[in-house]
Amino acid sequence: MERKRMAIIGGGPAGLMAADVLAPFCDVHLYEQGKSVGRKFLVAGQGGFNLTNSLDGEGLAAIYTPPGFLDEAIAGFGSAALRAWLSEMGIGTYVGTSGRVFPTKGLKPIDVLNAIRKRLTDRGVHFHLEHTFVGFDPQRQAIVEHNGQRTSVEVDHTYFALGGASWPVTGSTGTWSELLAPLGIQVAMFQASNCGVNIAWPEPFARDHAGKALKNIGVKVGGRITMGEATITAHGLEGNAIYPVVVEVREALNTALPAVVRIDLKPFNTVEQVLERIAGKEPRNYGQGLNLDRAAMALLKAFTTKDQFLSPWSLAHVVKDLPIPVDGLRPIEEAISTVGGIRPQDLAPDLSFKQHPHLSALGEMVDWDAPTGGFLLQACFAMGHHAAMAMVRRDPLQ
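Residue indices follow the written sequence of each chain, beginning from 1 at its first position. In keeping with the model being predicted, local features are shown solely for residues with a pLDDT of at least 70 and side-chain atom pairs are shown and tallied solely at 80 or more, while totals for entire chains, interfaces and linings include all residues. Side-chain measures were taken over the full set of non-hydrogen atoms in the model, leaving aside hydrogen atoms and water.

### Concerning the overall build of the chain
On a plain count of helices and strands, the chain comes out with 15 helices and 20 strands. Taken along its principal axes, the extent of the C-alpha atoms in the chain is 85 × 45 × 35 Å. A 1.4 Å probe rolled over the protein chains alone gives each residue an accessible area, and that area as a share of the maximum for its type sets the label: buried under 20%, exposed over 50%, partly exposed in between. The buried share of the chain, reckoned over its 398 residues, is 54%. Pairs at least 24 apart in sequence give 68% of the contacts found in the chain among residues at least 6 apart. A total of about 17,800 Å² of accessible surface is found on the chain, and carbon and sulfur atoms cover 51% of it. Positive and negative charge centroids in the chain, built from 36 and 39 side chains respectively, lie 6 Å apart. Helix and strand labels come from DSSP, where a helix needs a run of H or I of at least four residues and a strand needs a run of E of at least two; each type is numbered from the N terminus. The contact criterion used throughout is that any non-hydrogen atoms of two residues lie within 4.5 Å. All accessibility values rest on the Shrake-Rupley procedure with a 1.4 Å probe; residue burial counts only the protein chains present in the view. Positive charges are assigned to Lys and Arg, negative charges to Asp and Glu, while His and the chain termini are left out of the count. Each charge is placed at NZ for Lys, CZ for Arg, CG for Asp and CD for Glu.

Here is the structure:
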């Protein structure tokens, strides 16, 4: 039986995983518009290379929204499976703080990427670099452009793994949405996720404190509460205590409701304990009594009235619940990830398009969301594995 031909357009984690699963069963051609695959690996690695998270099973699946969409993919290829796959290539991993999983110390993102590329090359995957997806031919086969020449990709199935709209330096711009429109494929508007928030700082707060960290704080928006650190920027706040609440901030902004970040500067103390530490002290000594640095005290002063600040009882409550209005989210270009893209309801369970079963969509080009901490890469790998395995199980590929 003649081996079937599969095309994967996009050389990120979802596309690379799909290629790995399919390669033993069919001819796999991977098309990447850049000069190399996996560029997002290298960019993501600059801030700490979280390959996945130690959560697994239902606990891992529950992290993702919309609820249920990625359950089957995560069940089929969770964090333990991903770590085992990496181990097969000689990439050891370890669990760091907050459950994040990193490559063994000494291994860099390029080392992980090189190991994956070697595995795919050894499996016979054909790499077509500097080939850009530009549309479809009359038979609804993808067209790619290379050195000014356009060619239809004549295959049995095409997997698109073109990324969302974050990190445009890696080629993820979301402009592919215009190319899918002629097929009647609707795309939800891209919006920033896992990003900083804009705050109208009073003068001269940002000038004096931009770049400083608010450590060991609690952050609450709506019903979501996170713990961690936030960095003061010229525009607002960012950091691991802010990113998880961006979902609630974005929902408020999209519905024209007030978006407010509520900060607990002493999350390990009760109001009564905070009050006990400042009672009887002069206001100028509050910082020492609470063990708050200058930046935290400046933030407190910036968003309290004079009467609140001078009243120990009132201030104790504000220390535990400091409301800070948010004006907006930072631009998509600065976001770690995006929401928007292909609507989950337009995809079949195997991630193929319901209207076009010979096409599939993988990774961040689909409208799902997750916090940082290894969850983003994990989902992309799982989606690539899930879609490819569905093909292997369904069709005789060779």
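### What about the sheet that holds strand β5 (residues 100–103)?
Strands are treated as partners if at least two bridges between them are detected by DSSP. Pairing in this open sheet of 3 strands is antiparallel, and the strands run β3-β5-β4 from one edge to the other. Unpaired on one side and paired on the other, β3 (52–53) and β4 (93–95) mark the two borders of the sheet. Pairing of β4 with β5 involves 3 bridges; the strand directions are antiparallel. Residue Y94 lies in a different strand from β5, and its bridge partner there is F102.

### Topic: unusual backbone geometry
Look at the link from T65 to P66: it is a cis peptide, with omega at 0°. Structurally, the position occupied by P66 is in the loop between α3 (57–61) and α4 (71–76). For the bond from E203 to P204, the omega torsion is -5°, close enough to zero to count as cis. You can see P204 is positioned in the loop between β12 (197–198) and α8 (205–209).

### Re the nonpolar core
Joining through side-chain atoms within 4.5 Å is the link that ties buried Ala, Val, Leu, Ile, Met, Phe, Trp, Tyr and Cys residues into a set, and such a set is a nonpolar core. L22, Y64, W85, F160, I342 and W368 are the most contacted members of the largest nonpolar core, which totals 77 residues. The leading source of residues in this core is helix α15 (residues 375–394), at 12 residues. Setting aside anything within four residues of it in sequence, one finds W85 in contact with M17, D20, F77, I116, R119 and F381. W201, A206, A241 and A259 belong to the second largest nonpolar core, which has 46 residues in total.

### Overview of the sheet that holds strand β7 (residues 132–136)
In spatial order, the strands read β7-β8-β9; together these 3 strands make up an open sheet with antiparallel pairing. If you trace the sheet from one side to the other, it starts and ends with β7 and β9 (149–152), each paired once. Within the sheet, the average angular offset between the axes of one strand and its neighbour, ignoring direction, is 30°. Both β7 and strand β8 (residues 142–146) contribute to a ladder of 4 bridges, which runs antiparallel. The residue bridging G135 from the neighbouring strand is I143, located in β8. Here, axes are lines fitted to C-alpha atoms. For helices the fit covers the stretch in contact, and angles between N-to-C directions go from 0 to 180 degrees.

### Side note on the pattern of salt bridges
Definition used for salt bridges: Asp or Glu carboxyl oxygen within 4 Å of a side-chain nitrogen of Lys or Arg. Throughout the structure, instances matching the rule amount to 15 salt bridges. D122 is the salt-bridge partner of K118, the closest N and O atoms lying 2.8 Å from each other. With K118 and D122 both in helix α6 (residues 109–122) and 4 residues apart, this pair spans about one turn of that helix. Each member of the salt-bridge network shares a partner with another, and the members are D20, E88, R119 and R123.

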